[in-house]
Amino acid sequence: MSLITGSSGRLLRISYWTASSTWTKQPDVGSVLVKVIGGGGGGVNTARTAGTSSSFGSHCTGGGGGISGASPGAGGSASGGDINLTGESGFQGVGGQSIRAEGYLGKYGFGGCSNATGNDGGGAGGYSEKFIQASALGATETVTVGSAGSGGVGGAVYAGGAGIVIIYEYSK
């Protein structure tokens, strides 16, 4: 038995989902390890949107990052997993500089930023990870990939990063 995943089988496949779809359980699958990251929220104070949640069926969810307003956007929540991590909160733009809230795995789920003073960054998407035995899975599971929040108007404004779902399939 692997100490990392709890799987006694060998790794069969790794799939990266960047668009929502349906995952189908193959006959050789004994268990899966699922990682989900919600979409990052958009930066700046006007015309921006929050990131949306990523999920694997009803098993685990990484919430979308929040938008900035009177303060930087909150990081997305996470639930259902064996590991649940709230996304990093956005940062306040000061002196023409703004740092983006980093997402887990780098380019996925980061919060948007702005280089304008007084405009705040969006929060990063939440991260959830869950090990699931095949017997707890349906024949199919809905894979929902969170969208990135859009950046606001004015200055050099950045949208958040899109979410992702990663599925590691292990043999029986």
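Structure's up top.
Given the structure is predicted, the values throughout are model-derived calculations rather than measurements. Starting from 1, residues in each chain are numbered consecutively following that chain's sequence as written. Totals for whole chains, interfaces and linings use every residue, but because this is a predicted model, local features are given only for residues with pLDDT of at least 70 and side-chain atom pairs only at 80 or more, for both listing and counting. As a convention, hydrogens and water are excluded, and side-chain values are obtained from all of the structure's heavy atoms.

Student: What should I look at first to understand the environment of Val165 in this one?
Tutor: By the element assignment, Val165 lies in strand β10 (residues 164-171). Burial status follows relative accessibility: with a 1.4 Å probe on protein chains alone, a residue under 20% of its type maximum counts as buried, one over 50% as exposed, and anything between as partly exposed. Looking at Val165, the relative accessible area reads 0%, which means it is buried. Along the backbone, Val165 and Ser20 are 145 residues apart, and their C-alpha atoms lie at a distance of 9.0 Å. Residues are treated as being in contact if the distance between any of their heavy atoms lies within 4.5 Å. With residues near it in sequence (within four places) discarded, Val165 still touches Ser15, Tyr16, Trp17, Val34, Lys35, Val36, Ser54, Ser55, Val143, Thr144 and Val145. Starting at the N terminus, helices and strands are each numbered in turn, a helix being any DSSP run of H or I of at least four residues and a strand any DSSP run of E of at least two.

Student: Which parts of the structure should I look at to understand the pairing of strand β9 (residues 140-144)?
Tutor: For a regular strand, the rule is simple: side chains alternate between the two faces of the sheet. Going residue by residue along β9, you find Glu141 and Val143 tucked away on one face and Thr140, Thr142 and Thr144 left uncovered on the opposite face. Note that strand β2 (residues 21-24) and β9 share four bridges and pair antiparallel. Each bridged residue has a counterpart across the sheet, and for Thr22 the counterpart in β9 is Thr142. Strand pairing is defined by DSSP finding a minimum of two bridges between the two strands. Relative to β9, strand β4 (residues 54-56) runs antiparallel, the two being bridged by two bridges. When the bridges of β9 are listed, Ser55 appears paired with Thr144.

Student: What is the right way to look at the side chain of Lys35 in this model?
Tutor: Here Lys35 lies in strand β3 (residues 29-37). Comment: no salt bridge for buried Lys35; closest opposite-charge side chain is Glu129, at 4.1 Å. Think of it this way: Lys and Arg go in the positive column, Asp and Glu in the negative one, and His and the chain ends go nowhere. In the sections that follow, a salt bridge refers to a side-chain nitrogen of Lys or Arg positioned within 4 Å of a carboxyl oxygen of Asp or Glu.

Student: Quick question: what am I supposed to make of the environment of Gly87 here?
Tutor: Along the chain, Gly87 turns up in the loop between β7 (83-85) and β8 (127-133). On the accessibility criterion, Gly87 (6% relative accessible area) is buried. Sequence-wise, Gly87 and Gly66 are 21 residues apart; in three dimensions their C-alpha atoms are separated by 9.5 Å. For Gly87, the residues in contact, after removing those within four places along its chain, are Gly75, Gly76, Tyr104, Ala124, Gly125 and Gly126.

Student: Mind showing me how you'd approach the sheet that holds β8 here?
Tutor: To summarise the sheet geometry, strands pair through backbone hydrogen bonds and adopt either a parallel or an antiparallel arrangement. Strand order in the open sheet made by the five strands is β1-β10-β3-β8-β7, with antiparallel pairing throughout. Taken across any chain shown, the strands that pair with only one partner, and hence form the sheet edges, are β1 (11-17) and β7. Sheet twist, expressed as the average angle between the axes of neighbouring strands with direction ignored, equals 10°. Whenever a helix is involved, its axis is fitted only over the stretch in contact; in every case the axis is a line through C-alpha atoms, and angles between N-to-C directions fall within 0 to 180 degrees.

Student: I would appreciate a short explanation of the packing of aromatic side chains in the present structure.
Tutor: Centre-to-centre distance and the angle between the planes together describe a pair of aromatic rings. Only Phe, Tyr and Trp rings take part, Trp by its six-membered ring, and two of them pair if their centres are within 6.5 Å. Stacked means planes under 30 degrees apart, edge-to-face means over 60, and tilted covers everything else. Summed over the entire model, instances satisfying the criterion amount to one aromatic pair. With 5.6 Å between their ring centres and 65° between their planes, Trp23 and Phe56 make a pair best called edge-to-face. Residue Trp23 is found in strand β2, and its partner Phe56 is found in strand β4; the two are separated by 33 residues along the sequence. By relative accessible area, which is 2% here, Trp23 ends up buried. Looking at Phe56, the relative accessible area reads 0%, which means it is buried.

Student: So what exactly am I meant to see when it comes to the nonpolar core here?
Tutor: Burial of nonpolar side chains together is a common tendency in soluble globular proteins. Counting residues in each nonpolar core, the largest one holds 14 residues, and the members touching the most others are Trp23, Val32, Val34, Phe56, Val143, Val165 and Ile167. Those elements that place two or more of their residues in this core are β3 and β10. Looking at which element gives the most residues to this core, the answer is β3, with four residues. Discounting chain neighbours no more than four positions away, the residues touching Ile167 are Arg13, Ile14, Ser15, Trp17, Trp23, Val32, Leu33, Val34, Phe56 and Val143. Among the buried residues, those of types Ala, Val, Leu, Ile, Met, Phe, Trp, Tyr and Cys that are joined through side-chain atoms within 4.5 Å form a nonpolar core. Of all hydrophobic cores here, the second largest spans eight residues; its members include Leu33, Ile164, Tyr168 and Tyr170.

Keep in mind that these numbers describe shape and distance, not what the molecule does.
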